[in-house]
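A look at the structure
This is what each chain is made of:
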Amino acid sequence: MENKRRLFALITPPSVFLLFFFLIPLVIMALYTMKSSTFGPLFPLSFEAFTTFFSNPAYFVLLLNSSQLALLTAVLSILLAYPVAYYLVFYTGSRRVILLTMLILPAWISYLLRVLAWKVILGSEGLLNQLLISAGLIENGAPILLFSQAAVLITLVYVWIPFAALPIFAAMERIDPRLHEAAADLGAPPSVTFWRVTFPLTMPGVASAFFFVFIPTLGEWVTPNLVGGVSGIMYGNLIQDQFGRALNWPLGALMSMVLLVLVGVFSYVFNRFIPITEVPVSS
Amino acid sequence: MLNKIKNVALVLLATAMLAACGGGAAEPNTQLVVLEWSGYEEPSYWEPFALQHPDIEPEYSFFGEDAEAYSKAQSGFAFDVVHPCGSWWGLYVEAGLVMPLDTSRLSNFDQLFPELTQHGVFNGQQYFIPWDWAYESITVRTDLVDEVPDSWADLWDPQYAGKVAIFDSGESTFLTAAYALGYDPYNTTPEQQEEIKQHLIALKPNLLTYWVDYTEINQLLASGDVAVGANTWNDAWATLNDEGYEVEYVNPTEGRISYACGFGISAKSTNVDLAYDYINALIDAQSNANMANDFYYGAANMDSVPLLDPNLVAVFQYDDPAILAQSNFQHPLTQEQREMMTTIWNEVKAQQ
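It should be emphasised that the depicted structure is a prediction, and the values quoted were computed from it without experimental measurement.

1. Thoughts on the overall build of chain A
A tally of helices and strands in chain A yields 12 helices and 0 strands. Along the chain direction, N to C, the helices and strands of chain A fall in the order α-α-α-α-α-α-α-α-α-α-α-α. Counting only C-alpha atoms and orienting by the principal axes, one finds that chain A spans roughly 80 × 75 × 30 Å. With 283 residues in all, chain A has 42% of them scored as buried. Intrachain contacts of chain A at a sequence separation of at least 6 include 71% that bridge at least 24 residues.

2. What to know about the layout of surface pockets
Residue and element names in this part refer to chain B. Considered as a void within the structure, the largest pocket measures approximately 860 Å³ in volume. In this structure, the largest pocket is lined by 37 residues; those nearest its centre are W37, G64, E65, F167 and W233. Among the residues forming the lining of the largest pocket, the class breakdown is 15 nonpolar, 12 polar and 10 charged. Size it by volume and the second largest pocket reaches roughly 710 Å³.

3. Examining the nonpolar core
Y92(B), F128(B) and L155(B) are the most contacted members of the largest nonpolar core, which has 183 residues in total. Those residues in contact with Y92(B), other than ones at most four positions away along the chain, are A69(B), Y70(B), A73(B), V82(B), P84(B), L97(B), V98(B) and F128(B).

4. With respect to the state of the cysteines
Joining two cysteines, a disulfide is a covalent bond between their sulfur atoms. All names here are of chain B. Summed over the entire model, instances satisfying the criterion amount to 1 disulfide over all chains. Sulfur-sulfur distance for the disulfide between C85 and C261 comes to 1.9 Å. Across the S-S bond linking C85 and C261, the dihedral sits near 80°, which makes this disulfide right-handed. Here C85 is found in the loop between β3 (81-82) and α4 (86-94), whereas its partner C261 is found in strand β11 (residues 257-265), with 176 residues between them in sequence.

5. Description of the interface of chain A and chain B
Facing 29 residues of chain A, the contacting portion of chain B comprises 30 residues. Interface of chain A and chain B: buried area, both sides summed, is about 2800 Å²; carbon and sulfur atoms make up 58% of it. Contact with chain B buries surface across chain A, with F39(A), V230(A) and R245(A) losing the most and accounting together for 25% of the total. The salt bridge involving R245(A) is made with E65(B); its shortest N-O contact spans 3.0 Å. Those elements that place two or more of their residues in the side of chain A that touches chain B are α1 (2-32), α2 (48-54), α3 (57-91) and α11 (235-243) of chain A. Taken together, the residues that form the side of chain A that touches chain B break down as 15 nonpolar, 10 polar and 4 charged.

6. With respect to unusual backbone geometry
All names here are of chain B. You will see that N231, though not glycine, has its phi angle at about 60°, which is positive. With relative accessibility at 0%, the residue N231 sits in the buried group. We note that Q317 has phi near 50°; this positive angle belongs to a residue other than glycine. Its location among the elements puts Q317 in the loop between α12 (310-316) and α13 (323-326). Q317 gets classed as partly exposed once you look at its relative accessible area, which sits at 25%.

7. A short note on the packing of aromatic side chains
How two aromatic rings sit relative to each other is given by the distance of their centres and the angle of their planes. By the definition in use, this model includes 50 aromatic pairs over all chains. The interplanar angle of 40° and the centroid separation of 6.3 Å between the aromatic rings of F243(A) and W249(A) together place this pair among those described as tilted. Judged by its relative accessible area of 31%, F243(A) falls in the partly exposed class. Seen in terms of ring centroids, Y135(B) and F316(B) are 6.1 Å apart; in terms of plane orientation they differ by 40°. Their pairing is tilted. With a gap of 181 residues between them, Y135(B) in strand β6 (residues 129-141) and F316(B) in helix α12 connect regions that are remote in the sequence.

8. Comments concerning the side chain of H119(B)
Inspection of the secondary structure puts H119(B) in the loop between α5 (114-117) and β4 (121-122). Exposure remark for H119(B): the relative accessible area of 18% places this residue in the buried category.

9. A word on empty space enclosed by the protein
Under the definition given, this model contains 3 cavities of 30 Å³ or more. For the largest cavity, the calculated volume is near 130 Å³. In this structure, the largest cavity is lined by 14 residues; those nearest its centre are P224(A), N225(A), N237(A), D168(B) and Y210(B). Elements with a minimum of two residues in the lining of the largest cavity: α10 (222-228) and α11 of chain A together with β8 (207-211) of chain B.

Rules used in this analysis
Note on numbering: residues in each chain are counted from 1, in written sequence order. The order in which chains are written sets their letters, starting at A; the order in which ligands are written sets their numbers, starting at 1. Local features in this predicted model are restricted to residues whose pLDDT is 70 or higher, and side-chain atom pairs enter the listing and the counts only when it is 80 or higher, whereas totals over whole chains, interfaces and linings include all residues. Side-chain measures here rest on the full set of heavy atoms in the structure, leaving out hydrogens and waters. Helix numbering and strand numbering both begin at the N terminus, where a helix is a DSSP run of H or I of at least 4 residues and a strand a DSSP run of E of at least 2. Note on classification: 1.4 Å probe, protein chains only; a residue is buried when its accessible area is under 20% of the maximum for its type, exposed when over 50%, partly exposed between these limits. By definition, residues are in contact when any of their heavy atoms lie within 4.5 Å. Cavities and pockets are found on a 1 Å grid laid over the protein atoms alone: a cavity is a set of points where a 1.4 Å probe fits but cannot escape, a pocket is an open set with protein on both sides within 12 Å along at least five of seven lines, and a lining residue has an atom within 4 Å of such a point. Grid points are joined across faces, edges and corners, and a volume is the space filled by probe spheres set on the points. Gly is placed with the polar residues, together with every amino acid not listed as nonpolar (Ala, Val, Leu, Ile, Met, Phe, Trp, Tyr, Cys and Pro) or charged (Asp, Glu, Lys and Arg). Buried Ala, Val, Leu, Ile, Met, Phe, Trp, Tyr and Cys residues form a nonpolar core when they are joined through side-chain atoms within 4.5 Å. Criterion for a disulfide: a pair of cysteine sulfur atoms at a distance within 2.5 Å. As used here, buried area is the combined drop in accessible area, with a 1.4 Å probe, of two parts when they are placed together. We count a salt bridge whenever a side-chain nitrogen from Lys or Arg sits within 4 Å of a carboxyl oxygen from Asp or Glu. Paired rings are identified among Phe, Tyr and Trp, the last through its six-membered ring, by centres lying within 6.5 Å, and are further divided according to the angle between planes into stacked (under 30 degrees), edge-to-face (over 60) and tilted (the rest).

Encoded structure:
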């Protein structure tokens with residue numbers, strides 16, 4: 001009896017919080033998709049937003065493009081973060097926490113500032129072009145590297161590397177060093193040890209890193225807004241437009257719901273391969 | 001234990017409900033809440049009000065774009081005076097957010113350009129009082145292009161490939177494409193709307209980016225990444241010219257787009273007398289000129305023209321009585337028109 005009470009006391013506050021600040025807003029959002037206008041009454045229900053959205057393939061193409069970009073961002077962030085985490089865990093000994101902190105340090109600066117910094121680097125008179133010109137690699141009149149999908153990708157990968165490194169780092173730290181010793185004792189060369197012992201054991205960390213990067217990137221709108229230009233626009237930009245300038249909240253709500261469903265599907269499919277329960281919580 | 005939690009939950013709920021009901025009506029005639037663009041709170045724009053009511057300090061709530069102000073007003077934010085631009089005025093009237101005004105209570109009203117005040121009239125009654133007006137046209141870095149465009153249609157010229165930035169607005173881009181195609185943007189058939197959409201998609205190879213706020217386009221033009229700033233306001237030309245760049249503010253053959261912004265009084269205002277005094281102070285010839293000189297805009301008050309910076313008067317022809325009639329003045333939009341334009345623009349942007 002006492003246990004039940006304690007359990008009840010423990011789960012009530014978060015449940016109430018989730019109810020008011022997650023579930024109810026979500027239901028309101030779902031209802032908004034069926035409103036005929038942003039500020040009008042809910043009834044009579046209208047499916048105008050659905051017609052607009054599903055009759056125009058451009059929205060799907062953009063969603064597909066944004067998914068690809070998010071996927072590429074997640075994969076590149078992991079590819080770049082993995083060796084760094086590996087080096088930190090296995091080669092830096094007691095200094096690894098300091099080095100990890102240094103890796104994460106840029107993430108303490110405002111997200112907006114880190115994105116804006118890339119505007120300074122990639123601009124036509126930016127640092128990168130200046131460097132290339134002074135090295136004699138390109139002539140004057142350098143191409144503008146900003147305002148493209150590539151600029152969005154570079155910026156996003158940069159922003160997310162520390163977040164990808166954290167769960168991988170945590171997964172590697174948990175590997176028992178005796179496993180490596182055992183592998184060596186049995187005559188496995190380092191490459192075989194890596195592929196047959198280390199790599200499989202870090203997969204939950206990699207999976208967690210993938211989710212850390214992929215899901216927020218899919219809904220991203222700040223970075224494409226600042227460095228994306230015409231070709232680097234993402235699905236999230238259009239959602240933001242619907243709630244802002246366009247004042248079409250029903251369509252914006254519908255677009256958000258479609259994104260939510262898509263993320264749900266991705267998570268489900270991914271979870272089939274790597275159960276999320278085995279993913280370590282990053283420190 | 002459980003009871004305690006229940007109590008805490010009840011208190012929390014009650015607090016939340018109180019907060020939800022808060023922000024209600026202001027005390028009558030003791031304060032004035034102005035829903036205003038940031039930057040317009042400058043006391044020299046309403047000095048006569050300060051002299052008349054030395055004990056009252058207007059309280060400002062700022063917005064960055066019209067959509068934001070409108071949704072704030074729609075969601076029940078209590079304000080007395082609001083400053084939207086002309087194409088939004090109709091929506092405020094349609095939604096019953098503002099009251100019809102008695103212009104005899106504004107001693108400066110007769111000094112305003114009738115061409116501007118007429119846009120604030122709905123159902124035979126004056127709802128909005130114009131204050132600032134400006135153009136939307138093309139600012140060109142003449143040193144970066146071989147030929148300066150002389151029409152809206154020229155924006156599609158392949159010689160400007162990747163050199164153009166256009167205002168990220170469904171309304172402005174729709175108007176631009178309609179004028180370039182020779183249509184009346186306020187009377188389009190569905191076929192013409194489709195043609196306008198395809199025309200805007202065809203503009204994309206020329207576009208480097210969309211610009212959102214004026215500081216952004218001014219920087220893009222200054223850095224030279226953009227040579228042709230489409231749908232830019234007077235300040236783009238004036239700021240770059242002041243900094244010594246070679247710029248021209250085009251007068252397109254189809255006519256510049258122009259617009260006015262102005263003040264309305266909330267239908268729920270409890271400070272109506274103060275609101276009238278405040279608006280009357282804003283449209284005073286000197287106050288109006290102070291604002292216009294700071295932002296390089298036109299002033300709605302005819303008597304402000306002699307007080308404006310003569311260079312700006314010359315460039316923007318503020319002293320030409322026919323100048324307003326020569327440009328394409330932005331009409332108030334209905335909800336349907338606005339939705340149609342923004343939907344088209346979003347579909348254009350989504351197209352990859």
